Number of protein chains: 2
Amino acid sequence: MEKTMIDIDTAAQSLKLLGDKTRLTIIGLISEGECCVCEFVEVLQMSQPSVSQHLRKLRDAGLVKEKRKGQWIFYSLNKDHETYPITKQILAQIPDQIEKLRALERAGLRIQCD
Amino acid sequence: MEKTMIDIDTAAQSLKLLGDKTRLTIIGLISEGECCVCEFVEVLQMSQPSVSQHLRKLRDAGLVKEKRKGQWIFYSLNKDHETYPITKQILAQIPDQIEKLRALERAGLRIQCD
DNA sequence: TGCATATATAAGCATATGCTTATATTATAA
DNA sequence: TTATAATATAAGCATATGCTTATATATGCA
């Protein structure tokens, strides 16, 4: 498992994106699976356009992937991204967001379409 | 070695500071020792006020410490900071900046006052 | 087809950011 | 004490950021 160095510009660009509470929470939410936009809206208690705009930044940078499933668009971590190792290390040091998703599920608001 | 979780707001705040090429390079430069402002100015090829302003942000957040030695003020990593574990992990994944300091030394511009 | 739902995009705006130039502060040295 | 060097701070400005509201696009369903 050879460690590849991530150049400083690339690292800084990803860190800048992760350096926002909303986006860092989004990354935490999908650290163990995918979520759709309406789930983020519910958990984050933010407007849909605002959430979409954060997702676009993450997607443009390649940190997340999107996949349409019917009327929903699901977002997930892009584990192939050059800076994914950094993201993973950060995720290991912040509290997981799973409980928030469980609460969604209990409220019947979790989208499952597999 | 129990891992303490770093809350998401705290993590995001530090990541935001690290998400800037200049500041990330500064952190890289002091990852193995202290540097004074004029060394940063030389290595980064930036104006002194601009460097000072970046250092102030890092210091205000507690990510770095400063120590005056005569006419110079030396900056170093604050290893006691709550988010230092994150910083350390990031540093492990970017190329070290030591070579830049060696070049300074060869040019006779390295400040040593111990 | 037509309507509802999910999502994206656009435009506008207030605030944050990072630089610049000018100046203040602190310490050393003559 | 005066001059110089190292650093900090202040003010100004252009650009970036993150929200809002309004609207567009795409899908599913009656």
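Residues numbered from 1 in each chain as written. Chains lettered and ligands numbered in written order. Predicted model: local features only at pLDDT ≥ 70, side-chain atom pairs only at ≥ 80, totals over all residues. Heavy atoms only, no water.

The name recorded for chain A in an unreviewed UniProt entry is ArsR/SmtB family transcription factor, from Halobacillus campisalis.

Residues and elements named next belong to chain B. Relative to the elements of secondary structure, arginine 23 occurs in helix H2 (residues 21-29). An unpaired buried charge is present at arginine 23: no salt bridge exists, and aspartate 20, the closest side chain of opposite charge, is 4.3 Å distant. Excluding its chain neighbours within four sequence positions, the residues that come into contact with arginine 23 are Lys16, Leu17, His54, Lys57 and Leu58. (Helix = DSSP H or I, 4+ residues; strand = E, 2+ residues; numbered from the N terminus. Buried < 20%, exposed > 50% of the residue type's maximum accessible area, 1.4 Å probe, protein only. Lys, Arg positive; Asp, Glu negative; His and termini not counted. Salt bridge = Lys/Arg side-chain N within 4 Å of Asp/Glu carboxyl O. Contact = heavy atoms within 4.5 Å.)

Every one of the 27 residues lining DNA strand D counts as a neighbour, but His54 of chain A together with Cys38, Gln48, Ser52 and Tyr75 of chain B are closest to it. For DNA strand D, the fraction of protein-proximal atoms (within 4 Å) that sit in sugar or phosphate groups is 64%. A distance of 3.4 Å separates a sugar or linking oxygen of DNA strand D from a polar backbone atom of glutamine 71 of chain B. Breaking the surface near DNA strand D down by element, the ones donating at least two residues are helix H4 (48-60) of chain A together with helix H3 (37-44), helix H4 (48-60) and strand E3 (72-77) of chain B. Ranked by residues supplied to the surface near DNA strand D, first place goes to H4 of chain B with 6 residues. (Near = heavy atom within 4 Å. Polar contact = N/O pair within 3.5 Å; in protein donor to acceptor, adjacent residues only side chain to side chain.)

Further remarks concern the sheet that holds E3 of chain B. All names here are of chain B. The strand order E1-E3-E2 describes an open sheet built from 3 strands, whose pairing is antiparallel. The open sheet has two edge strands with one neighbour each: strand E1 (35-36) and strand E2 (64-69). Sitting on the sheet, H4 is in contact with E2 and E3, with an inclination near 115 degrees to E2. (Pairing = 2+ DSSP bridges. Axes fitted to C-alpha atoms, helices over the stretch in contact; angles between N-to-C directions.)

Quick look at the pairing of strand E3 (residues 72-77) of chain A now. Residues and elements named next belong to chain A. Relative to E3, strand E1 (residues 35-36) runs antiparallel, the two sharing 2 bridges. Looking at E3, one finds that cysteine 35 is bridged to tyrosine 75. Between strand E2 (residues 64-69) and E3, which pair antiparallel and follow one another directly, the connecting turn spans 2 residues, one of which, glycine 70, has a positive phi of 65 degrees.

What follows deals with helix H1 (residues 8-18) of chain A. Of all the 11 residues making up H1 of chain A, 8 are buried; the element is thus mostly covered by neighbouring parts of the structure. Every buried residue belonging to H1 of chain A is among Ile8, Thr10, Ala11, Ala12, Ser14, Leu15, Leu17 and Leu18 of chain A, and all of these are buried. Buried positions along H1 of chain A lie against helix H2 (21-29), H4 and helix H5 (84-91) of chain A together with helix H1 (8-18), H2 and helix H5 (84-91) of chain B. Backbone nitrogen of aspartate 9 of chain A and a side-chain oxygen of the N-cap are separated by 3.0 Å at the start of H1 of chain A; the cap is aspartate 7 of chain A.

What follows deals with the packing of H2 of chain A against helix H3 (residues 37-44) of chain A. For any two helices packed against each other, one specifies the crossing angle of their axes together with the interaxial distance. All names here are of chain A. Relative orientation of the contacting elements H2 and H3 amounts to 120 degrees, with a least axis distance of 11 Å. Put simply, H2 runs oblique to H3. Regarding H2 and H3, the two cross each other, and that crossing is right-handed. For the pair H2 and H3, contact is made by Thr22, Thr25, Ile26 and Leu29 and by Phe40, Val43 and Leu44, respectively. Tallied by class, residues from the contact of H2 with H3 come to 5 nonpolar, 2 polar and no charged. (Parallel < 35°, antiparallel > 145°, perpendicular 65-115°, else oblique. Left-handed = near helix turned anticlockwise from the far one by under 90°. Nonpolar A, V, L, I, M, F, W, Y, C, P; charged D, E, K, R; others polar.)

Okay, the packing of H1 of chain A against H1 of chain B next. Taken N-terminus to C-terminus, the directions of H1 of chain A and H1 of chain B make an angle of 150 degrees; their axes are 7 Å apart at the nearest point. Classified by the interaxial angle, the pair formed by H1 of chain A and H1 of chain B is roughly antiparallel. Where H1 of chain A crosses over H1 of chain B, the two elements pack in a sense that is left-handed. Residues Ala12, Leu15 and Leu18 of chain A of H1 of chain A lie in contact with H1 of chain B, whose contacting residues are Ala12, Leu15 and Leu18 of chain B. Partitioned by chemical class, the residues of the contact of H1 of chain A with H1 of chain B number 6 nonpolar, no polar and no charged.

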